[in-house]
Amino acid sequence: IETLEAQGLLTRFDSKISSIAVSSDGHFVACGSDRSIRLVNRVDLTSLRSIKGHDGFINSLAFDPQREYLASAASDGTVKIWKYIEEDALIATFN
């Protein structure tokens, strides 16, 4: 496991961060907070976008190993699959 050193402020949230995931190549960080997911480019520390679509608190996030999809689970009882590279394209919702 590679140890990462703090390099600066990634992004700010108005509420507590409930989940964090890092892509397998280390380039992207997804942070869940309240009902949204913030996607950050860890290489240049830019906040790429906010992904919204859940009606409940974000409980868990995971990137797939090929870095194509992001899965999010929330207290609304849903799991959503996003193709995060393409402007938050929602691929599937599971109840």
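Here is a short report on the structure shown in this document. Given the structure is predicted, the values throughout are model-derived calculations rather than measurements.

Conventions used here
- Residues numbered from 1 in each chain as written.
- Predicted model: local features only at pLDDT ≥ 70, side-chain atom pairs only at ≥ 80, totals over all residues.
- Heavy atoms only, no water.
- Phe/Tyr/Trp six-rings, centres within 6.5 Å; stacked < 30°, edge-to-face > 60°.
- Helix = DSSP H or I, 4+ residues; strand = E, 2+ residues; numbered from the N terminus.
- Buried < 20%, exposed > 50% of the residue type's maximum accessible area, 1.4 Å probe, protein only.
- Pairing = 2+ DSSP bridges.
- Axes fitted to C-alpha atoms, helices over the stretch in contact; angles between N-to-C directions.

Some thoughts on the packing of aromatic side chains
As enumerated under the stated definition, the model contains two aromatic pairs in all. Between the aromatic rings of F28 and Y84, the centroid separation amounts to 5.5 Å while the plane-to-plane angle is 70°, which identifies the pairing as edge-to-face. One end of the pair, F28, is in strand 2 (residues 28-33); the other, Y84, is in the loop between strand 7 (79-83) and strand 8 (89-94), and 56 residues separate them in sequence. Across this residue pair, the class does not change: F28 and Y84 are buried. Arranged with centres 5.1 Å apart and planes meeting at 80°, the rings of F63 and Y84 form a pair that is edge-to-face.

Comments concerning the sheet that holds strand 2
As a general point, the strands of a sheet are linked pairwise by backbone hydrogen bonds and lie either parallel or antiparallel. On the basis of which strands lie adjacent, the open sheet formed by four strands has the order 1-2-3-4 and antiparallel pairing. Each edge of the sheet is formed by a strand with only one pairing partner; in this case those strands are strand 1 (17-22) and strand 4 (46-52). Across the sheet, the mean angle separating the axes of adjacent strands is 20° when strand polarity is ignored. Pairing analysis gives six bridges linking strand 2 to strand 3 (residues 36-41), with the strands arranged antiparallel. In the strand pairing of strand 3, F28 is matched with N41.

Some remarks on the pairing of strand 2
Across the six residues of strand 2, six count as buried, placing the element largely inside the fold. Pairing between strand 1 and strand 2: five bridges, direction antiparallel. Looking across to strand 2, one finds that I17 is bridged to S33. Following strand 1, the chain reverses through five residues before pairing antiparallel with strand 2; G26 in that reversal takes a positive phi of roughly 80°. Between the end of strand 2 and the start of strand 3, which pair antiparallel, lie two residues, with D34 showing a positive phi angle near 55°.

Scope: geometric values only; no functional claims are made or implied.
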